[in-house]
Amino acid sequence: MLSILIGAFGAHALEGRLTPHLIDVYKTGATYQMANALGLILMGLCQQRRSRSALLTAAAALLTVGIFVFSGSLYALALSGAPRWGMVTPLGGLCFIAGWACFVVAELTDRKETV
């Protein structure tokens, strides 16, 4: 819900107030927030089928941090125009990569254990 509200705000309230490049930066933040929020839902559903998986818990935590750092820094960059926020963004990207890697390992490990 939050990514939809943020995206709608960007599309309606920021159009014409920001440069096309900064609008694209803002949209990238909203897109990644939505995609990884859906990943969090998927991870929650996977967590329901088994007893508490530490890897799935880590994956969800990493995606959550990634959303705040990656998308948050892009929102801050777009709204402030301060390029220093762009230096923070890759840290969020690393959280996304690590989170999805944990998810894949958790799922592959679970499949081996059930076979």
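Caption draft 1: Seen up close, the state of the cysteines. Using the criterion set out here, one finds 0 disulfides in the structure. For the unlinked cysteine Cys46, the closest cysteine sulfur is that of Cys102, found at 14 Å. Among the residues examined, Cys46 registers a relative accessible area of 7% and is labelled buried. Here Cys102 is not cross-linked by a disulfide; its sulfur's nearest cysteine counterpart is in Cys95, at 11 Å.

Caption draft 2: Focus on helix H1 (residues 2-12). Listing the buried residues of H1 in full gives Ser3, Ile6 and Gly10. Here the buried residues of H1 occupy an arc of 65° about the axis, which is enough to place them on one side. Seen from the buried face of H1, the exposed residues on the opposite side, beyond 90 degrees, are Ile4, Leu5 and His12. Its buried side turned inward, H1 meets helix H2 (20-48) and helix H3 (54-80).

Caption draft 3: Highlighting the packing of H1 against H2. Interhelical geometry of H1 versus H2 gives an angle of 165° and a closest axis separation of 9 Å. When the axes of H1 and H2 are compared, the pair comes out roughly antiparallel. The chirality of how H1 crosses H2 is left-handed. In contact with Leu2, Ser3, Ile4, Ile6, Gly7, Phe9 and Gly10 of H1, H2 contributes Ile23, Tyr26, Ala30, Gln33 and Met34. Of the residues contributing to the contact of H1 with H2, the split by class is 8 nonpolar, 4 polar and no charged.

Rules used in this analysis
Residues numbered from 1 in each chain as written. Predicted model: local features only at pLDDT ≥ 70, side-chain atom pairs only at ≥ 80, totals over all residues. Heavy atoms only, no water. Disulfide = S-S within 2.5 Å. Buried < 20%, exposed > 50% of the residue type's maximum accessible area, 1.4 Å probe, protein only. Helix = DSSP H or I, 4+ residues; strand = E, 2+ residues; numbered from the N terminus. Arc of directions from axis to C-beta. Contact = heavy atoms within 4.5 Å. Axes fitted to C-alpha atoms, helices over the stretch in contact; angles between N-to-C directions. Parallel < 35°, antiparallel > 145°, perpendicular 65-115°, else oblique. Left-handed = near helix turned anticlockwise from the far one by under 90°. Nonpolar A, V, L, I, M, F, W, Y, C, P; charged D, E, K, R; others polar.

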